[in-house]
Amino acid sequence: MIEITEVRVSLRNDEKLKAFVSITLNDSFVIRGLKIIKGNSGLFVAMPSRKLTSHCPQCGCKNHLKAAYCNQCGSRLREDRTSRDPEGRAKLYADIAHPINSSCREMIQNRVITEYRVELERAKQLKSRMVGINNRDLHTFEVSLQTTRKLARSVPADRMIISESGLATRQD
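Residues numbered from 1 in each chain as written. Predicted model: local features only at pLDDT ≥ 70, side-chain atom pairs only at ≥ 80, totals over all residues. Heavy atoms only, no water.

Colleague: Would you explain the overall build of the protein chain in this entry?
Modeller: Assigned secondary structure in the protein chain consists of 2 helices and 10 strands. Listed by position from the N terminus, the elements making up the protein chain come as β-β-β-β-β-β-β-β-α-β-α-β. Against the globule reference of 16 Å for 172 residues, the protein chain gives a C-alpha radius of gyration of 20 Å, more extended than a compact globule. Each principal axis of the C-alpha distribution contributes one length, and for the protein chain these read about 60 × 55 × 30 Å. (Helix = DSSP H or I, 4+ residues; strand = E, 2+ residues; numbered from the N terminus. Rg over C-alpha atoms; globule rule 2.2 N^0.38 Å.)

Next up, the structure:
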């Protein structure tokens, strides 16, 4: 019988991505890279995944399926390189690890979301004087000071805000 013996939650302050999670099974096996996502019907757990790629017909270099041009030679890539799901959406990622039956998926999802809520409450109870806001999107590595401007409204007035990443001039 599989038992989740440890859940580690790393909270994120993002509109959709709420946390990264690692789980330990039977004190013996760790799965990293689970994500808690806020979807249209509430929270769900996304299994660890990798970006799917295809090879450039010119040079053979691997390129992400969303790429319009080859990373190596710059050739234009065909747009029809992706397979589609039954709803017609492009399949851009493949799970690295996933449960093979619904009862296992439900067990993981229930435990992970429960631990996420516990960690979220713990974080709300912290009385830190400073709150750091990272302006770098950790998926695209793009930096925008709008992140601090947007999130600063939700920080209590008695806390100092530290805007992290993307500061280049005194005006920033």
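So, next bit.
Colleague: Any chance you could explain the nonpolar core here in plain terms?
Modeller: The nonpolar side chains of a soluble globular protein tend to be buried with one another. In terms of nonpolar packing, the biggest core is built from 17 residues, with Val21, Ile23, Leu34, Ile108 and Val112 touching the most fellow members. At 5 residues, the largest contribution of residues to this core is made by helix H1 (residues 102–125). Not counting residues within four places of it along the chain, the set of residues in contact with Ile23 comprises Ile4, Glu6, Val7, Phe29, Val30, Ile31, Leu34, Ile108 and Val112. (Core = buried A, V, L, I, M, F, W, Y, C linked by side-chain atoms within 4.5 Å. Buried < 20%, exposed > 50% of the residue type's maximum accessible area, 1.4 Å probe, protein only. Contact = heavy atoms within 4.5 Å.)

Colleague: Got a minute to help me understand the pattern of salt bridges in this structure?
Modeller: Across all of its chains, the model carries 8 salt bridges by this definition. Between Glu115 and Arg111 there is a salt bridge, and its shortest N-O distance comes to 3.2 Å. Of this pair, Glu115 and Arg111 both sit in helix H1, separated by 4 residues, roughly a single helical turn. Residues joined in a network through salt bridges with shared partners are Asp85, Glu87 and Arg89. (Salt bridge = Lys/Arg side-chain N within 4 Å of Asp/Glu carboxyl O.)

Colleague: Would you take a moment to explain the layout of surface pockets for this structure?
Modeller: For the largest pocket, the calculated volume is near 1300 Å³. Lining the largest pocket are 37 residues, with Arg12, Asn13, Asp14, Gly132 and Leu151 sitting closest to its centre. Of all the elements in the fold, those that place two or more residues in the lining of the largest pocket are strand S2 (17–25), H1, strand S9 (130–134) and helix H2 (146–151). A total of 6 residues in the lining of the largest pocket trace back to one element, the largest contributor, which is H1. For the lining of the largest pocket, the per-class residue count stands at 14 nonpolar, 9 polar and 14 charged. As for the second largest pocket, its lining consists of 24 residues, and the residues nearest its centre are Lys35, Ile37, Ala46, Ser49 and Tyr93. Those elements that place two or more of their residues in the lining of the second largest pocket are strand S3 (29–39), strand S4 (42–46), strand S5 (49–51) and strand S8 (93–95). The greatest single-element share of the lining of the second largest pocket, amounting to 4 residues, is contributed by S3. Looking at the lining of the second largest pocket, its residues break down into 10 nonpolar, 4 polar and 10 charged. (1 Å grid on protein atoms, 1.4 Å probe; cavity = no way out; pocket = protein on both sides within 12 Å on 5 of 7 lines; lining within 4 Å. Points joined across faces, edges and corners; volume = space filled by probe spheres on them. Nonpolar A, V, L, I, M, F, W, Y, C, P; charged D, E, K, R; others polar.)

Colleague: Explanation requested: a negative patch on the surface in the structure shown.
Modeller: A surface patch of negative charge is lined by Asp14, Glu15, Asp137 and Glu142. Inspection of the secondary structure assignment puts Asp14 in the loop between strand S1 (4–11) and S2. The exposure class of Asp14 is partly exposed, given its relative accessible area of 36%. (Patch = residues over 30% accessible without salt bridge, like charges linked within 9 Å, V, L, I, M, F, W, Y side chains within 5 Å. Areas by Shrake-Rupley, 256 points an atom, 1.4 Å probe, with all protein chains shown as cover. Lys, Arg positive; Asp, Glu negative; His and termini not counted. Charge placed at Lys NZ, Arg CZ, Asp CG, Glu CD.)

Colleague: How should I be thinking about the sheet that holds S1 in this particular structure?
Modeller: Strand pairing in a sheet takes place through backbone hydrogen bonds and is either antiparallel or parallel in direction. Here we have 4 strands laid out as an open sheet, ordered S1-S2-S3-S4, and antiparallel in their pairing. Of all the strands in the sheet, the pair left with one neighbour each is S1 and S4. Strand-to-strand twist across the sheet, computed as the mean angle between neighbouring axes with direction ignored, equals 25 degrees. Note that S3 and S4 share 5 bridges and pair antiparallel. Following the sheet pairing, Lys35 is matched in S4 by Ala46. (Pairing = 2+ DSSP bridges. Axes fitted to C-alpha atoms, helices over the stretch in contact; angles between N-to-C directions.)

Limitation: the analysis is restricted to geometry and does not speak to function.
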